[in-house]
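Structure assessment
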Amino acid sequence: MSVLVATTTIGHLSPVESARLVADAWAQRAPGTTVERLPMSAGGVGFVDAVEASLGGRRLVVPVPGPDGEERPATVLVVSTRSGPVAYVEAAEAAPGPYDGTLQSYGVGRLLRAARDAGARRIVVGVGDLAALDGGAGMLRGVADSAATTEYELPAHLDAVIGDWSEIELVAAVDHDTPLVGAQGATYGLLGVDSAEAQSRERAMGDLIDAVERVLPPRRDLLSGLPVRLHRVPGAGAGGGLAYGLSVLGAQIRNGAEVLAHAVGLADRVRAADVVVTGETTYDWRSLEHSVVATVSGAAAAAARPVVMIARDQHVGRRESMALGIAGSYSVIPSGRLAPATPTATDLEDRLAALVGRVAGTWTPPGADDVH
């Protein structure tokens with residue numbers, strides 16, 4: 001019997017750490033079972049590590065300005081492929097949370113320049129967990145190596161900057177469909193922003209959009225003839241609008257979990273398994289789409305493989321789980337428990353390992369331990 005463990009972040013455990021813990025606990029309960037680890041990410045913290053775990057690559061350490069103005073190390077992972085070097089960047093390394101009203105995406109621009117200088121002609125940016133709210137203006141200044149006096153200021157000669165990057169294939173890997181502006185946009189969806197600040201920043205975002213469109217008028221959709229407004233593209237608000245800034249530079253905005261799934265060959269690895277195990281921190285309504293759980297479950301359903309869900313806590317009922325194709329879902333914290341019951345880091349690891357052991361006992365058929 002073979003088991004594929006394709007998990008993302010669970011509590012404080014990174015995708016690589018969670019996949020290791022779950023796989024080890026499963027193998028300990030069913031030692032004759034072949035267990036494969038496949039860390040997954042939708043573009044947030046741990047994205048680059050998840051890519052490296054499957055594809056290897058060459059790490060470049062790039063200094064970027066941190067929250068206090070001092071430079072901090074960030075990573076560009078360069079992976080060799082048949083079509084040439086592909087670089088992977090984790091935007092959260094440039095401006096880690098929590099958001100405090102000052103963090104910008106400038107450092108992401110430095111990472112992009114380093115990736116291009118390393119020879120990459122395709123750059124995938126994991127946009128999730130970036131603690132910035134500047135519509136990607138900082139990133140655009142970063143690629144242009146341009147200073148600014150205001151947070152939303154664009155680099156001079158933006159058209160030349162865009163042209164300079166026209167031969168680079170950019171992908172913004174996002175984990176949700178948040179637009180840039182509006183009641184469901186980047187500004188109003190960010191924790192720690194009160195209504196007055198949200199309104200001020202929404203106006204600033206509008207001014208940024210106007211400034212961009214004076215340089216880059218909306219193109220026309222070939223079928224409808226209607227203008228394609230980049231700020232309205234689903235996912236443009238991801239990373240405080242970083243995805244929008246990347247699209248100005250020519251990037252495609254794509255589901256981050258699906259981008260990684262394609263890169264690491266998730267479909268083939270699912271077909272090679274008898275049981276698929278996925279997992280995340282909180283299994284709730286957001287898990288139903290644009291998530292690692294939804295992507296892994298979809299691949300398992302296409303291959304007619306049962307998929308098991310492991311979470312720290314869950315708020316999704318049996319009906320929704322069945323719609324995703326999940327055969328069984330389990331959580332460390334029983335449904336209905338309040339936040340004070342959230343386990344500590346050490347306690348979570350112990351309880352998660354124990355839970356996986358019980359689940360492995362349920363999903364490993366009698367005699368499977370003897371199969372080699």
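This write-up is about the structure you can find in this document. The model shown is predicted, which means the values in this text are computed figures rather than measured ones.

Below, the discussion takes up the packing of helix α3 (residues 106-117) against helix α4 (residues 137-144). At a closest axis distance of 6 Å, the pairing of α3 and α4 adopts a crossing angle of 40°. As the angle between them shows, α3 and α4 are arranged oblique. Judged by the twist between their axes, the crossing of α3 over α4 is right-handed. Between α3 and α4, the contacting residues are Tyr106, Val108, Gly109, Arg110, Leu112 and Arg113 on the first element and Gly138, Met139, Arg141, Gly142 and Val143 on the second.

Moving on: helix α8 (residues 256-264). For α8, the set of buried residues is Gly256, Ala257, Val259, Leu260, Ala261 and Val264. Buried residues along α8 sit against α2 (47-55), β6 (122-126), β7 (169-174), β10 (252-255), α9 (266-271) and α10 (292-302). Residue Gly265 follows α8 closely and has a positive phi angle near 70°.

Moving on, we come to the sheet that holds strand β12 (residues 307-314). What holds strands together in a sheet is hydrogen bonding between their backbones, with the strands either parallel or antiparallel. Strands sit in the order β2-β1-β11-β12-β13 across an open sheet of five strands; the sheet is parallel. The open sheet is flanked by β2 (34-37) and β13 (326-333), the only strands paired with a single partner. Looking at each pair of strands side by side, their axes are set apart by 20° on average, direction ignored. When β12 meets β13, the two strands line up parallel, connected through six bridges. Bridge assignment links Ala311 to a residue of β13, and that residue is Ser331.

Turning our attention to the sheet that holds β6. Strands sit in the order β3-β4-β5-β6-β7-β10 across an open sheet of six strands; the sheet is mixed. Across the chains shown, the open sheet's two edge strands, defined by having one partner strand only, are β3 (58-65) and β10. Direction aside, the axes of adjacent strands within the sheet are offset by 25° on average. Here β3 runs beside strand β4 (residues 71-81); their pairing, made up of eight bridges, is antiparallel. When the sheet's bridge partners are listed, Arg58 is paired in β4 with Val78. Set on the sheet, α2 makes contact with β3, β4, β5 (84-90) and β6; between it and β5 the angle comes to about 145°. α8 rests against β5, β6, β7 and β10 of the sheet, and its axis sits at about 85° to β10.

Within the secondary structure, Ala91 sits in the loop between β5 and α3. Residue classification places Ala91 among the buried positions, given a relative accessible area of 0%. Here the alpha-carbon distance between Ala91 and Phe47, two residues 44 residues apart in the chain, equals 9.3 Å. Filtering out sequence-adjacent residues up to four positions away, Ala91 remains in contact with Val108, Val125, Gly126, Val127, Leu130 and Leu242.

What follows deals with the nonpolar core. Among the nonpolar cores identified, the biggest contains 59 residues, and Leu112 and Ile123 are the most heavily contacted of them. Ranked by the residues each element gives to this core, the list is headed by helix α6 (residues 195-215), at seven residues. In this structure, Leu112 is in contact with Ile123, Val125, Met139, Val143, Trp165, Leu170, Leu246 and Leu249, ignoring residues within four places of it in sequence. One finds Leu4, Ala42, Ala50 and Ala303 within the second-largest nonpolar core, a separate group that totals 39 residues.

This next bit is on the packing of α2 against α8. Close contact between α2 and α8 brings their axes to 10 Å; oriented N to C, the two are set at 15°. For the element pair α2 / α8, the angle class is roughly parallel. As for the relative orientation of α2 and α8, their crossing is right-handed in sense. In this structure, α2 uses Phe47, Ala50, Val51, Ser54 and Leu55 to contact α8, whose residues at the interface are Leu260, Ala263 and Val264. In the contact of α2 with α8, the residues fall into seven nonpolar, one polar and no charged.

Definitions and cut-offs
- Residues numbered from 1 in each chain as written.
- Predicted model: local features only at pLDDT ≥ 70, side-chain atom pairs only at ≥ 80, totals over all residues.
- Heavy atoms only, no water.
- Axes fitted to C-alpha atoms, helices over the stretch in contact; angles between N-to-C directions.
- Helix = DSSP H or I, 4+ residues; strand = E, 2+ residues; numbered from the N terminus.
- Parallel < 35°, antiparallel > 145°, perpendicular 65-115°, else oblique.
- Left-handed = near helix turned anticlockwise from the far one by under 90°.
- Contact = heavy atoms within 4.5 Å.
- Buried < 20%, exposed > 50% of the residue type's maximum accessible area, 1.4 Å probe, protein only.
- Pairing = 2+ DSSP bridges.
- Core = buried A, V, L, I, M, F, W, Y, C linked by side-chain atoms within 4.5 Å.
- Nonpolar A, V, L, I, M, F, W, Y, C, P; charged D, E, K, R; others polar.

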